[in-house]
Each structure stands twice: as C-alpha cells, then as structure tokens.
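A closer look at the structure
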Amino acid sequence: MSAANLSMPAAPSQPSTTSGDGPTEGLGAVLSNRRFTSLWLAQVATQVGGNMVLYGLTILVYTLTRSNSAVSLLILTFLVPAVIFSAVAGVYVDRIDRRLILVVTNLLRGGAFLAMVVVGDQLALIYLLNIVVSTVTTFFTPAEASMIPILVPRRQLLSANGLFTFTLQASFAVGFAIFGPLVANLAGIDALLLLVATLYFAAAGLCMTLPAHAPAGGRLTSGAIAAVGEAEHAVVSTLAQLGHGLGYIRAHRTIAWSLSYLAITASLVGVLGVLGPDFATRALGLREQDFVVVVLPLGAGLVIGVLALNAYGKYLPRRRLIEGALLTMAAMLALLSIAGPISRLLQAGAGRTGLDELGPIISLLAIVVALALAIGVTYAFVAVPSQTQLQEELPEDVRGRVFGVLNMLVSVASFLPIIIVGPVADLVGTPVVIFTSGIVIGLAGLASILFAHPPAGVHAAPGGRRAPVDPVAVTMGPLRDPEAEIEAESAMGGDAGTAATLAAVQAAGEEQEADSNPDEAQDEASRSTDR
C-alpha cells in the first residue's frame, strides 16, 4: 500500500477454507470459509430486506398521497444521502474497525425500521427515518466491500466477488418482486417492516462473528497522516470530492462508460419504482399494491438474464452485449407505454379474423407481463457486465474510499431523472414519461456504439489472455472450455493437426489483440520492465 494511504496491519491469518483434497477456488471453497459465509448471509439479509422496504414504503406513500411526486421524494430519500455522505464514509471506513461499522450500522437500521412502525402514517417522519437508514447505509456498503479481501485469500477473490454480485442482482428480484409484495399483501406494511428489522438485527449478529480489522493500534505513518488530513479536508465539500472522482473517471474511459451503464440501470429502477403504482392503477385498472404484476416479471427476467449470462456470457462481446441490451430495453419501454392501444388493436384484429381464442394471449395484462420480462432480461445484460468491468478495472488499495466515491457518482447520475419523473407524470401522464425514458436509453445505447472505444479482446471467448471472467459464471460453476478440451485431446495423442491449428488460432488472437490495443500492450510491457 502506498504512503498516500493508511498504514494497515497485515491481514489476519486466513481461516482454512479447504481441507485435504478439497477445492481451493470456486463457490464451494469460499462458502467453506465460515467467516466469509457470515458476511455473505448478512448481505443476503440486508439486501433482501432493503428491497422489501423499498416496495413496502412505495406502496405506503402512494396510498397515503396518490401522488407520483411524493413517491419521487421517497426514492430521493434513498439516494441523496449516498451523494452527500459516501465520500466521508469511504475515508472513515479506512480508519475504523470495519467489523464495528458493520455491526453498528445494522443495529441502527433495524432500529429505524422499528420506529417506522411506531410513527404509522406520519409521512414526514417516514421520510426522516428513511434518510437516517440511507445515511447509515453509506457507511455499511464500503465497509462490506472492503471486508471481503480480509476474509478470503487472493485466489478466491473472484469467486467471492462473483457471489456478492449475483446476490446483489438477485436480491432485487427476491425482495422487491417476491417477498415484498407477498408479505405486504398477506400481512400488511407494518408486518413487513417488523420482518425487515428482524433481518437487520440478524445481520448484526452475523457480523459480530467477523474478525476485527482496524489500523494497528491506531498508528499511522507520516505519509499516511498527511494523506488522511488531505482526504478529510477534501470531503468537507461534497462537490470537491465529486470533482476528484470525476477526474479519476476522465482518466479511465472504461470506468466512465461502465459507470454510465450502471447509472442508466439505477435510474430505470428508480423511474419504474416511482411510476409503478400509478401505472398499475391507471393503465391496468389494478390496486396500487398489485403493481407486482409488473415487478414480478421484471425480477424473473433479471434472474433469467443472469442465468443466460452464466451459460453464454463468456462467448459474447461485453460492450456489444450492453449496447444491444440498451437498444432492446429502449424498444420494450416504448412498447410498454403504448401497451393499451397495442392490446386493443390486436384484439380487434383477432375478432375480425375469428381468432377469439387468442384473447388471453393478447390481453393488456399479458402484453405488459411479456414486455416487463424482456426489460428484466435486458437490465441484467447491462448491469452484470458493467459491474464486472468495474471489478476488473478498479484499483485494489483504499477500497473504502474508491467504493464510496463511485457510489456517490452513480447516485448523482441516477437520482436526477427521479426528481423529474414524478411531477412530470402528474402533469402529462405515466405512459408519456415511460416512452420518453425509452428514447433516452436508446440514445445512450447509440452514443455508446458511436463513441465508446471497445477494449480489444474484451469478450467472453475462453482462453484469451485478456478475456474477462464473469463473476456470475464463476459463482454458478465452471463452463465447458472447447479449447481446453482440444488441448487435452491433443495431449492424449489426438490429432496433431488440431493442436497445431489451435496454437495458430491462439497466437493470431493474441497478435490481433496487441495490434488493436497498443496502449494496453505498452502498459503490459512497462509492467514487465518494472518487474
């Protein structure tokens, strides 16, 4: 670690994650590490619980106000604290015992959810308590991300991060689309809040089993003391910290584009969360809590997309996959905004042709479910590869500060549309806003195609020297590697011509990669010279 950072003690001795001939990498190895498993289960509890609260409070606020603007304000109480406090949180996560941070933040959030039950329908107090929860979360998130390298050896980091990424994506479907609507409809919002508070208290208990990790005895090197002073001076102003983060992003184009993609998906979730209850009641004629008919297929599509990436993501160009998903998502949103006229047109055509049996298939509800499913798949195709790119590109040192700044930047980019969509939807209608959102996402996809420089060799083809590894694929299990099978066959006396052809293909691929990305090749040569 450089002198610009805190002087940290050596990581505690790693608990044995394997025994005997057991695996040393992969999902089984990381889950055999009991301390890491405790951290992961805490993530499951808080992520699922947080998404359940997002659903429950959305329904509660819309029921109390019948206003999209009020729901917009609720979503902002989730996001604005991340913009204001993430930079500060990142600095102090690198100075304070991370286990203490994880335990205390979970206890505070669980207590806030209990307080929401007490305040009932007092909207101002609900907003205030949710701001408290969101502020505390800005300290929990970088502490959690920074704890992973402390618990697992380097060779297992990819699998560990892959499991956390998969959990992050799947928890939205499980919490917001399944358990949130289920508990809210069967037992009510108060029961949902009580259940979520219990999940957060359980997460605090799990985090208590983790090892303490803080600067050794509070001692700092002289360089680290200066760096901490500079960092604390910078975070006094959120705008100053934001400027530093933007400077880092300008110097790393792949980071900039990945953040753009993540901001788009975060904005889409916020926009649909704001407009969902109104769309369900006005466009579909349902109760506000029944907008699960839109959310559930969204979540199912997200899971399908993650599984599809596990099976085929290695073989697809990552950047082109994201761009194609953005354009498809734009088209699906545009169709969703005019689902009513489409359904009436199809039903009229079916009636004229005597195909009345197609009625259920082309009903408004069926069309909305199909479109929402497709949007969920495209969401996964954008979010998961973008997150993978960030994990590959971000520096490993000072993780708390880096994750804190990036969290702030994504929040800044994503909450701006949420400020607008609620009041605008109240004025012009929800379908118009959804259609406009589709246009904006489509323009973002076209901009990526025209202006984003695709990194050479960044695709899913196995065996490439720089080919990225999708953490979801690592988490779910290894995929077949056709090249490795050919090599094995050659080693066992197979066709020598096949082996020679394979070697030539691999050499050509490496040569093409170096030619198409000279800057990366030059960086690699420089690192070799330094070594």
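In this text the structure is predicted, and so the values were computed from the model without any measurement.

Moving on, we get to the overall build of the chain. Helix and strand counts for the chain come out as 20 helices and zero strands. Out of the 531 residues in the chain, the part that is buried amounts to 47%. Summarising the internal contacts of the chain: among those between residues at least 6 apart in sequence, 84% fall at separations of at least 24. Surface summary for the chain: the accessible area is close to 23400 Å², and the carbon and sulfur share equals 66%.

The next subject is the nonpolar core. Counting 85 residues, the largest nonpolar core has Phe 113, Leu 192, Met 329, Ile 375 and Ile 441 as its most contacted members. Within the second largest apolar cluster, 24 residues are counted, among which are Ala 42, Val 93, Phe 164 and Ala 203.

What follows deals with the side chain of Ser 38. Structurally, Ser 38 is set in helix α2 (residues 34-65). Overall, the relative accessible area of 12% leaves Ser 38 in the buried class. Each residue touching Ser 38, except ones within four places of it in the same chain, is listed here: Leu 206, Thr 209 and Leu 210.

Before going further, it helps to spend a moment on helix α5 (residues 123-151). Here α5 is 29 residues long and its end C-alpha atoms lie 41 Å apart, about the 42 Å a rise of 1.5 Å per residue gives. The sharpest bend along α5 reaches about 25° and sits at Thr 137.

A few words now on unusual backbone geometry. Here the phi dihedral of Arg 66 falls at roughly 55°; this positive angle occurs in a residue that is not glycine. Residue classification places Arg 66 among the partly exposed residues on the basis of a relative accessible area of 44%.

Okay, the side chain of Thr 138 next. Mapped onto the elements of the fold, Thr 138 is located in helix α5. Looking at Thr 138, the relative accessible area reads 3%, which means it is buried. Excluding residues within four positions of it along the chain, Thr 138 makes contact with Pro 81, Ala 82, Phe 85, Ser 86 and Ala 89.

A separate point is a nonpolar patch on the surface. A contiguous nonpolar patch, built from Leu 327, Phe 435, Ile 439, Leu 443, Leu 446, Ile 449, Leu 450 and Phe 451 and spanning about 760 Å² of accessible area, is present on the exposed surface. The element best represented in the nonpolar patch is helix α16 (residues 430-451), accounting for seven residues. Mapped onto the secondary structure, Phe 451 falls in helix α16. Of the residues examined, Phe 451 reaches a relative accessible area of 57% and is grouped as exposed.

Turning next to the pattern of salt bridges. Enumeration according to the criterion identifies two salt bridges in this entry. A salt bridge links Asp 278 to Arg 282; the nearest nitrogen and oxygen atoms lie 2.4 Å apart. Pair noted here: Asp 278 and Arg 282 are both in helix α10 (residues 253-283), with a separation of four residues, about one helical turn. Taking relative accessible area as the criterion, Asp 278 reaches 4% and is therefore assigned buried. Glu 323 is the salt-bridge partner of Arg 320, the closest N and O atoms lying 2.6 Å from each other.

As for its position among the elements, Ser 343 is in helix α13 (residues 339-353). For Ser 343, a relative accessible area of 3% puts it in the buried group. Linking Ser 343 and Leu 365, residues 22 residues apart in sequence, is a C-alpha distance of 8.9 Å. Among the polar contacts made by the side chain of Ser 343, one reaches the main-chain amide nitrogen of Leu 364 at a distance of 3.1 Å.

The axis of helix α6 (residues 157-187) is deflected most strongly, by about 35°, at Phe 179, and proline Pro 181 appears within four residues downstream. Just downstream of α6 lies Gly 188, where phi reads positive at about 100°.

Where α10 contacts α16, the two axes come as close as 11 Å, and the packing angle between them is 170°. With respect to α16, the element α10 is oriented roughly antiparallel. Side by side, α10 and α16 meet where Arg 253, Trp 257, Tyr 261, Ile 264, Leu 268, Val 271, Leu 275, Asp 278 and Phe 279 of the first sit next to Thr 430, Val 433, Ile 434, Ser 437, Ile 441, Ala 444, Ala 447, Ser 448 and Phe 451 of the second. A breakdown of the residues in the contact of α10 with α16 according to their chemical character gives 13 nonpolar, three polar and two charged.

Below, the discussion takes up the packing of aromatic side chains. Aromatic ring pairs are described here by two measures, namely the spacing of the ring centres and the angle between the planes. All chains considered together, the criterion is met by four aromatic pairs. Ring centres 5.6 Å apart and planes at 50° place the aromatic pair Phe 36 and Phe 164 in the tilted group. With Phe 36 in helix α2 and Phe 164 in helix α6, this pair connects stretches of sequence that are 128 residues apart. A relative accessible area of 0% places Phe 36 in the buried class. For Phe 164, a relative accessible area of 7% corresponds to the buried category. Relative to Tyr 261, the ring of Trp 257 has its centre 6.1 Å away and its plane inclined at 35°; by these criteria the two rings are tilted. Of the two residues, Trp 257 and Tyr 261 both sit in helix α10, four residues apart, roughly one turn of that helix. According to the relative accessible area criterion, Tyr 261 is buried, its value standing at 1%. Here the basic side chain of Arg 109 rests over the ring of Phe 140, its NZ or CZ set 4.3 Å away from the ring centre.

At a minimum axis separation of 10 Å, α5 and α6 run at an interaxial angle of 150°. With respect to α6, the element α5 is oriented roughly antiparallel. Handedness of the α5/α6 crossing: right-handed. In this structure, α5 contributes Glu 144, Ile 148 and Pro 149 to the contact, and α6 contributes Leu 157, Ala 160, Asn 161 and Phe 164. Here the residues of the contact of α5 with α6 are counted per class, giving five nonpolar, one polar and one charged.

About the criteria used
- Residues numbered from 1 in each chain as written.
- Predicted model: local features only at pLDDT ≥ 70, side-chain atom pairs only at ≥ 80, totals over all residues.
- Heavy atoms only, no water.
- Helix = DSSP H or I, 4+ residues; strand = E, 2+ residues; numbered from the N terminus.
- Buried < 20%, exposed > 50% of the residue type's maximum accessible area, 1.4 Å probe, protein only.
- Contact = heavy atoms within 4.5 Å.
- Areas by Shrake-Rupley, 256 points an atom, 1.4 Å probe, with all protein chains shown as cover.
- Core = buried A, V, L, I, M, F, W, Y, C linked by side-chain atoms within 4.5 Å.
- Expected span 1.5 Å × (residues − 1).
- Bend = angle between axes of the 7 residues up to and from the residue.
- Patch = residues over 30% accessible without salt bridge, like charges linked within 9 Å, V, L, I, M, F, W, Y side chains within 5 Å.
- Salt bridge = Lys/Arg side-chain N within 4 Å of Asp/Glu carboxyl O.
- Polar contact = N/O pair within 3.5 Å; in protein donor to acceptor, adjacent residues only side chain to side chain.
- Axes fitted to C-alpha atoms, helices over the stretch in contact; angles between N-to-C directions.
- Parallel < 35°, antiparallel > 145°, perpendicular 65-115°, else oblique.
- Nonpolar A, V, L, I, M, F, W, Y, C, P; charged D, E, K, R; others polar.
- Phe/Tyr/Trp six-rings, centres within 6.5 Å; stacked < 30°, edge-to-face > 60°.
- Lys NZ or Arg CZ within 6 Å of the ring centre and 35° of its normal.
- Left-handed = near helix turned anticlockwise from the far one by under 90°.

These figures come from the coordinates and say nothing about function on their own.
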